[in-house]
Each structure stands twice: as structure tokens, then as C-alpha cells.
Amino acid sequence: MSRKEYKYREMKMESNPSSSGASQSQDDEENQSLISAELLSHPAYTKSHRRRWLQYGLFFFLALSILINIVTVAQLKMVDLDDICSLYTSQAISPIFEDVKVTYQTRQFDGKFMNASKYTQDPSPQVDEFWMQLGVQNRHYRVPEHLATKYGLNPGHARLGPEFGGGYPVLFEFEHHLHCIDLLRQATYWNYDYYQEKAKGPFANAPPIVKTHVNHCIDILRQVIMCQPDLGVFGQYWIQETNEPFVDFHTDHKCKNFHEIRQWVADHQIPEDIYKDLKVTKRPDDIILEKIP
């Protein structure tokens, strides 16, 4: 380069200093980009970056889980679990549901082993009355014909004659279960002679029929227990006089409001003055079985 050219270039740079600064700035930016790229590709930075996003993800799902739980609890408080349980565990809607709210309360069973309850004392008119009060001999309830299928009846079941208002005469399942337990009580050998001598109810029949009736009740109760097995457990207490453990039968259970249910059924029986003359009428569409199953 000649002396003149060098001098010219020097003068040009002096007259345009921004050109030199821009070049320097561009170099700095390029260097910074290279440094950033190296940092981003460094294994330590990549691992830290992934860990940070993992933490964000965990915090998000934790917050979402808490929100879902809050909403679920709020919904459960708004829902009546008694209604859900009573409906879900019933095969068909019961007429009782129309007027009685089925509720569940914790009850402790009377598990006395050595001392008889009032229901298991020696046979007497008083003991029989205790069982009567439970509904073991209630009269029928009338289901209107248009509600038959709603309550789980077959339209071909026997119906009352039109002179009695029609409808289906029914009993409630729990009444039959209690009747069966009462019959087993009466049929035990220490009570059998007493009721056979009275010759009332099931014992108005010949002994073979009584036996058939008792066996029917045993099998019905077997199926009831197998259908709704109680999954609770028994503990045991030490007994001082025997120096042996003995089962604690005084256990807590979730029970329906039986007495309200029983009272509703008693109040809605077919009136006694009508019941004594009540008759069913065979109709063309009734189902007729060849013999008693």
C-alpha cells in the first residue's frame, strides 16, 4: 500500500468512526451467540433445564389434583349419599321411597350371648306380640296396576278384583325375612310343642308342611345373607371366669331407619275391614304356573 493510500484510509476511518464501532459490536454479538450456543449445548445446562421443566410439570399436576379433590368434595356435600346408597342397593324402586326418606345410622348390635333378648325368651303371648310389632303378620299393601313394573312386579302377577279397587296385593321382602326368622324360632325343638299345640299360623298345617315351610325359610335367609354379606369383623375379649377369649358380638353397623320404614308399612296396609273379604280375580293375561315351585 502506498503512502497516499494508507493516508486516505486513515482519514476515512477518522471521518467515519461509527463504522469501526459497528464492526466491533458485530464481533461482540457473534461471540455472545457462540458462547450462548455452547452453554445451551452443555450437558450440565441441558440437565438443569430438563429438571426445571419436570418441576413445573409436577407442580402443575399437583395443583390440578388438589383442584379435582376440592371439586369432588364439594359435589359430595351437595349429593345425598343416603339416597344414592338406598337406590343403588335396591333392585327396583320401593313404594316406601315415595314417602319415607331412607337414612343410615350407626347402630351397635345387641350381641349378648348368655342373656336372652325379649325376642328369644321362652314362648308366650308376650313374646309373640314383640314379633308381631316387627311386622311378621302385616296385611298386604296394594300396588296400583300402572305402577307394577316400576316397583319390580310382573304384570302377570295376580290382581285384586275390580270390586276391591284392583291393583296388586303385595308384601315387603323384609316382612317375609322377619317372618322366616320368627318361624325358625317357633320351630326349634324347645319351642315346637308350644306352637304345635296352639295350631295357629304355619302350625295349623300337618308336620310335613311345617317342615317344608321351615326349610323354605332357611334357604331364603341363606340367599339373603349371601346376597348382602356383612364384611365386618369380630374381635375378642378375655373372660376372667374362663381364662379364655370370647367373641365380641357388640359390633357397630350402618343401618337403615327400620322403625320409620316399619311404621309406614303398618300405616299403609289394606284396612282390616276390607282385607277379611279381599279376593283376587283371575284374568286372561295372568300368569298361571302348573304347580307351586
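Described below are features of the structure shown in this document. In this text, all values refer to a predicted model and were calculated from it rather than measured experimentally. (Residues numbered from 1 in each chain as written. Predicted model: local features only at pLDDT ≥ 70, side-chain atom pairs only at ≥ 80, totals over all residues. Heavy atoms only, no water.)

Looking at the overall build of the chain
Now for step 1: Helix and strand counts for the chain come out as 10 helices and eight strands.
Now for step 2: Going through the 293 residues of the chain one by one, you find that 22% of them count as buried.
Now for step 3: In the chain, of all internal contacts separated by at least 6 residues, the share reaching a separation of at least 24 is 66%.
Now for step 4: Carbon and sulfur atoms form 59% of the exposed surface of the chain, whose accessible area is close to 22,700 Å². (Helix = DSSP H or I, 4+ residues; strand = E, 2+ residues; numbered from the N terminus. Buried < 20%, exposed > 50% of the residue type's maximum accessible area, 1.4 Å probe, protein only. Contact = heavy atoms within 4.5 Å. Areas by Shrake-Rupley, 256 points an atom, 1.4 Å probe, with all protein chains shown as cover.)

Thoughts on the state of the cysteines
Now for step 1: On inspection of all chains with the given rule, the structure shows one disulfide.
Now for step 2: For cysteine 180, the disulfide goes to cysteine 217, at an S-S distance of 2.3 Å. Residues cysteine 180 and cysteine 217 share a disulfide whose torsion about the S-S bond is about -70°; that sign makes it left-handed. On the criterion of sequence distance, the pair formed by cysteine 180 in helix α6 (residues 173-187) and cysteine 217 in helix α8 (residues 207-227) is long-range, its members being 37 residues apart.
Now for step 3: Residue classification places cysteine 180 among the buried residues on the basis of a relative accessible area of 0%.
Now for step 4: Taking the relative accessible area as the measure of exposure, cysteine 217 reaches 0% and is therefore buried. (Disulfide = S-S within 2.5 Å.)

A closer look at a nonpolar patch on the surface
Now for step 1: A surface patch of nonpolar side chains, about 700 Å² in accessible area, is lined by Trp53, Tyr56, Phe59, Leu62, Ile66 and Ile70.
Now for step 2: Take isoleucine 70: it is sitting in helix α3 (residues 43-78). (Patch = residues over 30% accessible without salt bridge, like charges linked within 9 Å, V, L, I, M, F, W, Y side chains within 5 Å. Salt bridge = Lys/Arg side-chain N within 4 Å of Asp/Glu carboxyl O.)

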